[in-house]
Amino acid sequence: MSEALSSPSTRRHRASYDELLQVARNLRWTWKIDARRLFARLDPTASPGALEWPEQLLLGLGRSRVEELLRDEEIRDLADEVVRNFRTYMAHGAKTWFSGTHRSQRDLLVAFFAAEFSLTDSLPIFAGGLGTVAAEQMKAASALGIPLVGVGLLYRGSSHQWLDREGRQHEAWDMMSPEQMPISRARDSQGREVQVAVSLPGRDLQVAVYEAQVGRRRLFLLDAALENNSEADRLLTTQLYDSRPDVRLAQELILGVGGMRALAALDLIPTTVHLNEGHSVFALLEHLRRVMAREGLSFEEARVAVRPSLVFTTHTPVAAGHDYFAPHLAREYLAPYAAQLAISTEELVSLGRVTPEWEGDSFCPTVFALRLAGHRNGVSRLHGEVTRRQWSMLWPRTPEVEVPITHVTNGVHLESWVTGPFAELLTSAIGAQWQTTPGDPVMWSKLTRANDAALWQVKNKARADLVEFARRRARKDLARRHAPTERVAAVSVLHEDFLTIGFVGRFVAYKRPTLLLRDPERLAAILKNPARPVQIVFAGKAHSSDEGGKRLLADMIDFASRYGVSDRVVFMVDFDTTMDRAMTQGVDLWLNTPRRPLEACGVGGMKAGMNGVLNLSTIDGWWDEALADADPSAPPIGFTIGNKERWEDESAQDDFDADSLYTVLEEEIVPAFYERDADGVPRRWLASVKQSMSTLAPTWDSLRMTREYTERFYLPGLVKSEQLLAGGAQSARDRTAHQRRLRAHWSELALRVEKEVPVSTGLDLEVGVHLGALEPADLSVQVWREAEGCRPLDAFLFDRRDVHARYRVHLDATDLENEWALRIVPSLVHTDGDVEAGLIVWAS
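Reading guide: rules and limits
- Within any chain, residue numbers begin from 1 and follow the written order of that chain's sequence.
- It should be noted that, the model being predicted, local features are given only for residues of pLDDT at least 70 and side-chain atom pairs only at 80 or more, the latter also being counted only at that level, while totals for whole chains, interfaces and linings use all residues.
- The side-chain figures draw on all heavy atoms in the structure; neither hydrogens nor water molecules are used.
- Fitted lines through C-alpha atoms give the axes, limited to the stretch in contact for helices. The angle between two N-to-C directions lies from 0 to 180 degrees.
- Numbering of helices and strands starts at the N terminus; helices are DSSP runs of H or I of at least 4 residues and strands are runs of E of at least 2.
- Geometric relationships in this document are graded by angle, where less than 35 degrees denotes roughly parallel, more than 145 denotes roughly antiparallel, 65 to 115 denotes roughly perpendicular, and other angles denote oblique.
- Pairs of residues are marked as contacts when any of their non-hydrogen atoms sit within 4.5 Å.
- Under the convention adopted here, Pro, Cys and the residues Ala, Val, Leu, Ile, Met, Phe, Trp and Tyr are nonpolar, Asp, Glu, Lys and Arg are charged, and Gly plus all remaining residues are polar.
- Strands are treated as partners if at least two bridges between them are detected by DSSP.
- Under the scheme applied here, a residue whose accessible area is under 20% of the maximum for its type counts as buried, over 50% as exposed, and between as partly exposed, the area being computed with a 1.4 Å probe on protein chains only.
- In this scheme Phe, Tyr and Trp rings, the latter by its six-membered ring, pair at centre separations within 6.5 Å, and the angle between planes marks the pair as stacked below 30 degrees, edge-to-face above 60, and tilted otherwise.
- For a ring to carry a charge above it, either NZ of a lysine or CZ of an arginine must fall within 6 Å of the ring centroid while also lying within 35 degrees of the normal to the ring plane.
- Residue-level confidence of the predictor is what pLDDT reports, using numbers from 0 through 100.

1. Description of the packing of helix H10 (residues 245-265) against helix H11 (residues 283-295)
No. 1: Where H10 contacts H11, the two axes come as close as 6 Å, and the packing angle between them is 45°. Considering the angle they form, H10 stands oblique to H11. Touching Gly256, Val257, Met260, Arg261 and Ala264 of H10 are Ala283, Glu286, His287, Arg289 and Arg290, all from H11.
No. 2: Grouping the constituent residues of the contact of H10 with H11 by class yields four nonpolar, two polar and four charged.

Given below as structure tokens:
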């Protein structure tokens with residue numbers, strides 16, 4: 001970074017062309033309104049999509065043209081402000097939430113792995129919600145000053161969607177050069193380009209490392225397209241989520257092992273590893289290998305030592321969202337790493353099998369991560385419950401409520417999605433601090449008093465902008481398919497004043513994008529109501545190999561044609577972040593129709609909700625949480641489809657939910673939107689809009705999410721791992737030996753109730769325990785109670801004779817109203833409270 005950019009000056013500074021290039025090369029511009037406004041001023045003819053490539057925009061204009069434009073006083077002042085703000089932001093990295101709140105934890109360094117990051121269209125390495133959440137956490141870490149580096153893959157292949165005359169999706173692939181992207185080769189402390197090797201069957205693959213600046217944080221991307229690799233190997237990192245199992249497994253080794261080796265080459269030694277989904281799980285192989293070598297530990301001891309500092313987040317409850325690799329393929333690819341870890345290939349592969357002892361079972365990276373990580377979480381409260389149920393078999397005989405999987409609900413980065421007139425409205429209504437301290441509910445409560453007419457004007461402008469955006473995209477799509485010029489010019493879809501429903505998502509069965517079509521006649525009547533018309537904007541993609549998802553998309557296109565509503569049921573092709581922003585700001589109602597409980601979270605509704613859009617959703621993911629926490633005495637923050645019941649008959653559920661959807665549209669949503677006062681303002685609708693925005697913004701933002709990860713997982717895990725590794729890792733060695741002894745003798749344990757004594761306050765129990773070769777200090781004898789929120793009751797030892805021990809415990813009268821049972825679990829001395837799989841004994 002140049003001297004001018006690294007040290008703010010009090011003197012009047014004039015922005016230069018080189019400084020603007022520095023601003024454009026740091027992805028902070030993706031969430032800064034002033035920078036986006038500047039790039040638009042420099043080239044007023046640039047489309048919203050073109051503005052996602054500011055470095056290319058500046059290079060295209062050239063130095064002399066930009067310097068000429070900077071002679072305009074307004075542009076020059078804006079450029080000065082942008083550069084000044086950028087310099088201040090980058091220089092004040094030491095004055096952040098983390099440095100102020102956790103200044104003693106300076107050793108923390110989080111390696112944050114994800115297969116995709118959705119930051120900008122000029123870095124097209126994303127497909128869906130996982131990429132959005134990963135990007136939001138990178139941006140939040142930058143704002144909060146959390147020591148974190150991102151690791152992902154550099155996909156050179158960019159997929160573009162187009163539809164044929166029957167509405168069938170097709171894909172066209174473009175190959176992008178890194179020179180076109182806002183990245184550069186990562187260099188080590190000696191200025192050398194970083195390159196690492198990853199072992200694949202029969203060869204070592206060479207991997208280049210690129211770097212993107214995300215505000216104050218760094219994102220490293222791995223690329224196999226090097227000349228010294230074979231032609232086939234150069235293509236390994238071309239396509240996101242390649243469906244070929246051998247390519248997918250190779251990608252995951254490149255991401256995980258290659259990512260950890262890249263960080264080491266850059267002298268970045270993480271204390272904490274955060275894995276998002278199983279795609280990056282092999283980072284743990286390299287992490288464990290390095291700890292073993294540094295501390296002289298066995299594989300088992302290293303697992304114990306690093307476990308508290310390993311975080312695994314699963315983002316899907318859908319079985320198809322988890323990889324499963326054939327046993328022979330897993331053995332072939334993982335054999336070199338087993339040798340490096342000084343264990344057998346079978347031992348390593350068994351950690352990724354649901355049934356470890358069954359050699360014919362598939363290898364699942366999710367299972368591997370769940371077994372090795374010390375912190376595991378879903379991405380909403382409901383998803384946490386579903387995930388505990390989904391993976392409870394990994395902790396046999398453990399009550400579902402105690403399966404060690406929790407949740408951290410996702411959030412979105414407000415500054416990235418609330419832009420333009422919406423940002424100005426918020427600043428006017430509640431103050432500029434919403435951009436820096438979005439978690440203040442008192443501040444957001446002021447929004448309920450915002451001027452209705454001003455809010456309505458902003459919403460109308462956003463809807464009009466969306467209509468123009470959709471028409472421009474439709475013309476572009478027709479031109480790409482060589483349609484007649486007059487047909488392209490005549491495109492006129494959507495209407496600026498109609499109630500506009502938005503749907504964005506993958507076209508996949510569990511999302512039910514065609515739930516609206518369950519009764520096409522009824523839907524057509526809603527859309528065509530002459531007094532209160534409705535229109536729908538769809539966007540999203542089916543996976544290139546998902547023929548069922550492609551049929552769902554074709555069904556929607558067919559409906560629009562058959563019922564003569566092609567002007568008000570519009571599918572926008574080739575979804576990207578530019579379209580995402582246009583839709584989350586421009587629609588009035590955000591439609592989300594997943595089959596409960598298969599939606600992990602659903603961040604699209606959060607982004608829309610913070611832009612004055614009301615949600616209409618099944619009670620799933622984050623919406624289940626938002627509804628439960630909403631103020632029942634205030635205007636509704638949105639609308640629901642169906643109920644919380646679990647259905648065995650999916651067709652009957654679809655009928656029920658579709659009827660619910662039509663009814664709430666007909667009886668609640670459409671009337672509220674079109675109910676206007678004498679000034680033409682929908683007061684009742686806007687009351688809900690303001691209540692929604694003021695309720696959602698302080699809770700569902702990515703700064704809250706990232707603080708949660710830091711204070712619940714990163715920092716406690718760092719402290720525990722440091723304790724285990726202190727003094728030559730003696731605590732880790734001791735704990736491993738204790739756990740080995742527990743497992744060797746656990747089957748010798750037995751317990752039974754020897755005496756029940758009713759008393760006035762409840763019931764006194766005397767419990768006999770057969771210890772075998774274990775000691776009372778190794779165990780906790782407990783009464784487990786089924787009642788929600790009840791912690792187990794610890795029994796106390798009162799007699800010990802040889803291998804027999806006797807315990808007492810008292811049950812209150814309220815305890816006796818619910819189910820209860822006696823059990824033995826390992827003592828806290830050996831577990832720190834973690835649930836150890838298989839180590840539990842219940843009284844018969």
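What follows picks up the thread again.
2. What about the sheet that holds strand E24 (residues 804-812)?
Strands pair in a sheet through their backbones, by hydrogen bonds, and they do so in one of two ways: parallel or antiparallel.
No. 1: Taken in spatial order, the four strands of this open sheet run E19-E20-E24-E23, and their pairing is antiparallel. This sheet does not close on itself; its edge strands, each paired only once, are strand E19 (750-759) and strand E23 (796-801). On average, each strand axis in the sheet is inclined to that of its neighbour by 20°, with strand direction left out of account.

3. Observations concerning the environment of tyrosine 324
No. 1: Structurally, the position occupied by tyrosine 324 is in the loop between strand E10 (310-313) and helix H13 (327-340).
No. 2: Tyrosine 324 sits in the partly exposed class, given a relative accessible area of 42%.
No. 3: Each C-alpha atom, one on tyrosine 324 and one on alanine 114, is 18 Å from the other, the two residues being 210 residues apart in sequence.
No. 4: The contact partners of tyrosine 324, leaving out residues within four places of it in the chain, are Ala319, Ser362, Phe363, Cys364 and Trp391.

4. Re the packing of aromatic side chains
No. 1: Following the criterion strictly, the structure yields 19 aromatic pairs and no others.
No. 2: Members of the aromatic cluster, each reached through a chain of ring pairs, are Trp456, Phe639, Phe673, Tyr674 and Trp685.
No. 3: The positively charged end of arginine 28 is found above the aromatic ring belonging to tyrosine 89, 4.6 Å away from the centroid.
No. 4: When the ring centre of phenylalanine 798 is taken as origin, the NZ or CZ atom of arginine 808, which lies over that ring, is 3.8 Å away.

5. Some words on the confidence of the model for the chain
No. 1: Mean pLDDT over the chain works out to 94, with 97% of the residues at or above the 70 mark.
No. 2: This stretch, residues 1-10, has a pLDDT under 50; its non-local contacts, to residues over four places away or in other chains, come to 18 contacts.

6. Quick word on the sheet that holds strand E21 (residues 779-785)
No. 1: Here four strands make up an open sheet; going across it, the order is E22-E21-E25-E26 and the pairing antiparallel. Every interior strand has two partners, whereas the edge strands, strand E22 (793-794) and strand E26 (841-842), have only one.

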